[in-house]
Every structure is written in structure tokens, then in C-alpha cells.
Amino acid sequence: MPRNFCGLRLSVASLLVMLLPCGSSNAAGASRSSESSGSLTTVVIDAGHGGHDRGGIPGQRIAEKDMTLDVAQRLRNVLSASGYRVVMTRDSDVFVPLPTRVAIANSYRNAIFVCIHFNATQRRGAGGIETYFYSRDSLPLASAIHSYVVGGAPSSNRGVRRRGFYVLRKTSIPAVLVECGFLTNPTEAAYAQTASYREKLAEEIAAGVRGRNSVASASYIDQSKVAKSERHRSKRSHKKSARKKKGSSKPTGSEARSGSIDREA
Ligand SMILES: [Zn+2]
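Colleague: Lay out unusual backbone geometry with the relevant residues and their values.
Modeller: Of note, the phi angle at histidine 49 is positive, near 65°, even though the residue is not glycine. Among the secondary structure elements, histidine 49 is positioned in the loop between strand E1 (42-47) and helix H3 (64-81). Phi at asparagine 110 is positive, roughly 50°, even though this residue is not glycine. Here asparagine 110 lies in the loop between helix H4 (98-106) and strand E3 (111-119).

Colleague: Describe the nonpolar core, and please don't skip the residues or the numbers.
Modeller: Ranked by internal contacts, the top residues of the largest apolar core, which has 40 residues, are Leu75, Ile116, Ile145, Ile205 and Val209. For this core, the secondary-structure elements that each account for two or more residues are E1, H3, E3, strand E4 (129-133), helix H5 (139-152), strand E6 (175-182), helix H7 (186-192) and helix H8 (195-210). Considering every element that reaches this core, the biggest residue donor is H3, with seven residues. Apart from the residues within four sequence positions on either side, isoleucine 205 is in contact with Val71, Leu75, Val114, Ile116, Ile145, Val149 and Cys180. Grouped together as the second largest cluster of nonpolar side chains are 17 residues, Val102, Ala111, Tyr132 and Leu177 included.

Colleague: So what's going on with the packing of aromatic side chains? Which residues, and what values?
Modeller: Within the structure shown, the criterion is met by three aromatic pairs. Considering the side-chain rings of phenylalanine 133 and tyrosine 220, the 4.9 Å spacing of their centres and the 90° angle between planes classify their relative orientation as edge-to-face. Of the two residues, phenylalanine 133 is situated in strand E4 and tyrosine 220 in the loop between H8 and strand E7 (221-222); the sequence distance between them amounts to 87 residues. Summarising the aromatic geometry, the rings of tyrosine 191 and tyrosine 197 are spaced 5.1 Å apart at their centres and angled 55° between planes, so their arrangement reads as tilted. Given the relative accessible area of 8%, tyrosine 197 is considered buried. Positioned above the aromatic ring of tyrosine 134 is the side chain of arginine 162, whose terminal nitrogen or guanidinium carbon lies 4.5 Å from the ring centre.

Colleague: Talk me through the coordination of the zinc ion; I want residue IDs and the actual numbers.
Modeller: Distances from the zinc ion to its protein donors, His49 (NE2), Glu64 (OE) and His117 (ND1), fall within 2.0 to 2.1 Å. Sequence positions of the residues that donate to the zinc ion give the spacing H-x14-E-x52-H. Taken together, the positions of histidine 49 in the loop between E1 and H3 and glutamate 64 in helix H3 put the pair 15 residues apart, joining distant regions of the chain. When its relative accessible area of 0% is taken as the criterion, glutamate 64 is described as buried.

Definitions and limits used
- Residues numbered from 1 in each chain as written.
- Predicted model: local features only at pLDDT ≥ 70, side-chain atom pairs only at ≥ 80, totals over all residues.
- Heavy atoms only, no water.
- Helix = DSSP H or I, 4+ residues; strand = E, 2+ residues; numbered from the N terminus.
- Core = buried A, V, L, I, M, F, W, Y, C linked by side-chain atoms within 4.5 Å.
- Buried < 20%, exposed > 50% of the residue type's maximum accessible area, 1.4 Å probe, protein only.
- Contact = heavy atoms within 4.5 Å.
- Phe/Tyr/Trp six-rings, centres within 6.5 Å; stacked < 30°, edge-to-face > 60°.
- Lys NZ or Arg CZ within 6 Å of the ring centre and 35° of its normal.
- Donors = N, O, S within 2.8 Å, 3.2 Å for Na, K, Ca; no water.

By themselves, these observations are geometric and do not establish any function.
In C-alpha cells form, the structure reads like this:
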């Protein structure tokens, strides 16, 4: 697993940002530049699913939407205590469409976007933590969060992965999606159901947010070329033939849900 933890080494992205002029019109560069000067960073926290969208797979006992909201709220508390400005895309059991989540994230400058999810698959033995990003500018954040979460979890390391989930593809700020373990794995589900473990997850994600410029970027698994039809092998899969194959910006109802059904190791 790409741990590559090194507290002293600046990431390549950080070095590049340092070379950008302060007045750069590049949004990402501008956001990182101002952050390095110490201005307040906003963290937009996105609890996956909600309302009629339970997340997970059909028949799953533990509702993913409840776990994601709880971890998101804990993360909010930890980050707020650390002095971050925090915005929640949802703070209760409501359904928020993906474009709305993205619009919220994109309405902030000098911000980062952190999506909280749990995984699911038909094979009970599958488990582990995986962290997704899409834009290169998001790799340092993904690397840092993944490093801390894996370090604090009993679960195996499924790596940092690049993939075009809607909420990652459409956000204009650094954006990461963390899959905090498999709710279909008996051991990981048992952990997830304890408040202390969810608190631990929140603390490790927060540590990754704080350390995003000091953890070396991880090597990653590039799944950005995975066909959309394979990304969404789910209860909606039979509708997919009518959908545009690539480059479509039309979100599915819960695109960010687990794709692990088709890629369990
Ligand atoms: Zn999910």
C-alpha cells in the first residue's frame, strides 16, 4: 500500500504550487498559495447518500447513509476544533443530489472537499480502506488522508485510486472520496458500528487534512479509464445501456457508491 509517509518531504504538487505566482489565475494554484500564507481553509464535508438513498448494496443490513453522516459530523467537530471553517453538504438524513453537493463545494474558494463513504460488495470477505481522487491537484490530499486512515484502521490497505466519480470529476477544488471500510465485511461492519471507531476514523481523516502538504504523494491505482458501465454495476445497471458512454456529465443517483462489486480483490 502506498504509505510513503514522510513528514519532511514536500510533495511534487506543493513544490509546483510554490513556483506559481501569488496572483495566479489558476484556481487550484491560487487556493494553495493562499493557504500556504496561512489564511483560513474551508473544508466541505460530504456525507455520502441520505434520505431514500441508503447506499451500499440491496439487502445490506447496515445503512451506509447513517455511518457516513455520523463520521462526517464527527469530522466536522474535530476540524472545527482545529480552527477550520466547515461546511456540510448534508447534516441530517436527507437526499442531496450529486450536482447540489458539487455546487456547494464549488461555491467556496480556498477550500477542500472530503466525501465520506463506506464500501459494500457481495463477497463478505472483501475488506479494506481505499481513497479516491481525480484531479492531480487532489493527490496530496488523498495521499495524506489515506495514509492516516489506513494507519489507524485494522482494515487492509486497498490503495489510493484515481477514478472519475461525479463528485470528484466536477469539483473545482481538491476533492477526495474515502471508502472507510466494507459494511458487508463482518469484522469491518462491527468496527463501524462502534462510536469509538467512527471517532477514530474522523480523527484520522482530520489528521490527513491537516497534514495534506507534508505527506508525500502516494503511488496510486489509475482506474480513470474504467468504463462507466463497469463503475456502476448495481441495482441501476440495467438502465445503463441508454446512457452516454464517456464524458457524460449526467450523474446517476448515487454515482459515488461503491464500485467494489466489480473490483473486489
Ligand atoms: Zn457510498
